[in-house]
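Observations on the three-dimensional arrangement
What follows is the residue order along each chain.
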Amino acid sequence: MNIISFKFIFFLVCLGLTWNLSVCDETNDEASHSLDFHKDLPHYVKNRRYGEFLYASDKYYDSSRRRVFTWESTSGHPCHQYKDRPEIDGLDPEVRRKFKQREEEDRYELKHPCLWEFDQVEGQNNTFKMYASFTTSDFQDVREYFYAGADDLKFDRQRRQPFTWTQGACDGPACEWLIEPVYEDENHNKFYTIKNLKFGEYLYAAEDKLKYSESSPYRYMYLGRRKRDLRSPQRRVFTWKYANDNDVHTDDTAHWLIKMSVVINNNH
């Protein structure tokens, strides 16, 4: 082999290595940004099995923790349209009137409790802190992180209760969630699993028999022509540890559509 052939082969090898490294870098970069989440923008989180929205309720577990449920929009509107939200559905007429008045004020934006925002944990692909940023029924704007409760707050031996934390910052793996794609439907809607890093448990929407029910002095109300029973229980959510993590792929109660929301201002 003469020196010209050797140099030519050496050139091809170097070119191939350079191309391969470039492709690998692009592939890894694409994988690290594979989730369609946008920092500081609201998203809704909808359960695949029940078609209900994850939301932070007005019902407290204690002074530091807010209960989280799923909720089906009664008027058919997606949850980011503030005229239809769980707290308004269940409040007395006077509070509903105040909400409507505040909603009609110029430049005042009421934030819906089933909108969530995501902060990526530094240095960890597909790992996020989730928080609810919304207006409460007493018109306070709050930002509360979603986290998995400790063992002494479990619902039973298998089911752990998640809450939003009302006391400010939330640090550590109990507040961090691994979010991975699991399913895409025919309309290209992407569903994800949401796994708590501290406990290795997946978020899921519980069956009907475990719904949360609370008495209300107002039995019925009407939304348009539709009659709503205000005593309707709300679906609980828990985290659950599967015997095999692959089992979550076939359990659609643990599949969540996470989609960026366009906040609608009804005044314009």
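Now for a look at the structure at hand. Fair warning: this is a prediction, and the values are worked out from it, not measured in the lab.

With that out of the way, let us pick up the packing of aromatic side chains. Throughout the structure, instances matching the rule amount to 16 aromatic pairs. Judged by centre distance (6.3 Å) and plane angle (50 degrees), the rings of Tyr55 and Phe69 are tilted. Here Phe69 lies in strand β3 (residues 65-71) and Tyr55 lies in strand β2 (residues 53-62), a separation of 14 residues in the sequence. Residue class for Tyr55 comes out buried when judged on its relative accessible area of 0%. On the basis of relative accessible area, Phe69 is assigned to the buried category, the value being 2%. Centroid distance Tyr61 to Phe163: 4.9 Å. Interplanar angle 50 degrees. Geometry classified as tilted. Taken as a pair, Tyr61 in strand β2 and Phe163 in strand β7 (residues 162-165) lie far apart in primary sequence, 102 residues in all. When its relative accessible area of 1% is taken as the criterion, Phe163 is described as buried. What links up through ring pairs into an aromatic cluster is the set Tyr55, Phe69, Trp71 and Tyr212. The residue whose ring lies beneath Lys129 is Tyr145, and the NZ or CZ to ring-centre distance is 5.8 Å. Stacked on the ring of Tyr50, the Lys or Arg Arg235 has its end atom at 3.5 Å from the ring centre.

The next thing to look at is the environment of Tyr147. Positionally, Tyr147 belongs in strand β6 (residues 141-148). Sequence separation between Tyr147 and Phe163 is 16 residues, and the spatial gap between their C-alpha atoms is 5.7 Å. The contacts of Tyr147, once residues within four sequence positions are left out, are Arg65, Leu153, Pro162, Phe163, Thr164, Trp165, Cys170, Ala174, Cys175 and Trp177. Within polar-contact distance, the side chain of Tyr147 engages the side chain of Arg65 at 2.7 Å.

With the rule as written, the count across this model stands at one disulfide. Two residues, Cys170 and Cys175, share a disulfide whose sulfurs are 1.7 Å apart. On the sign convention where negative is left-handed, the bridge of Cys170 and Cys175, at about -70 degrees about the S-S bond, is left-handed. Taking relative accessible area as the criterion, Cys170 reaches 6% and is therefore assigned buried.

For strand β5 (residues 127-135), the buried fraction is high: nine of the nine residues fall into the buried class. Side chains of β5 alternate between two faces, with Thr127, Lys129, Tyr131, Ser133 and Thr135 and Phe128, Met130, Ala132 and Phe134 buried alike. Relative to β5, strand β4 (residues 115-120) runs antiparallel, the two sharing five bridges. Along β5, the bridge assignment pairs Trp116 with Ala132. If you look at the hairpin formed by β4 and β5, you'll find six residues sitting between the two strands, and Gly123 has a positive phi there, around 80 degrees. Relative to strand β8 (residues 177-184), β5 is paired through two bridges, and the arrangement is antiparallel. Note that in β8 the partner of Thr127 across the bridge is Leu178. Note: β5 against β6, five bridges, orientation antiparallel. The partner of Ser133 across the bridge, within β6, is Arg143.

Reading the values: rules and limits
Residues numbered from 1 in each chain as written. Predicted model: local features only at pLDDT ≥ 70, side-chain atom pairs only at ≥ 80, totals over all residues. Heavy atoms only, no water. Phe/Tyr/Trp six-rings, centres within 6.5 Å; stacked < 30°, edge-to-face > 60°. Helix = DSSP H or I, 4+ residues; strand = E, 2+ residues; numbered from the N terminus. Buried < 20%, exposed > 50% of the residue type's maximum accessible area, 1.4 Å probe, protein only. Lys NZ or Arg CZ within 6 Å of the ring centre and 35° of its normal. Contact = heavy atoms within 4.5 Å. Polar contact = N/O pair within 3.5 Å; in protein donor to acceptor, adjacent residues only side chain to side chain. Disulfide = S-S within 2.5 Å. Pairing = 2+ DSSP bridges.

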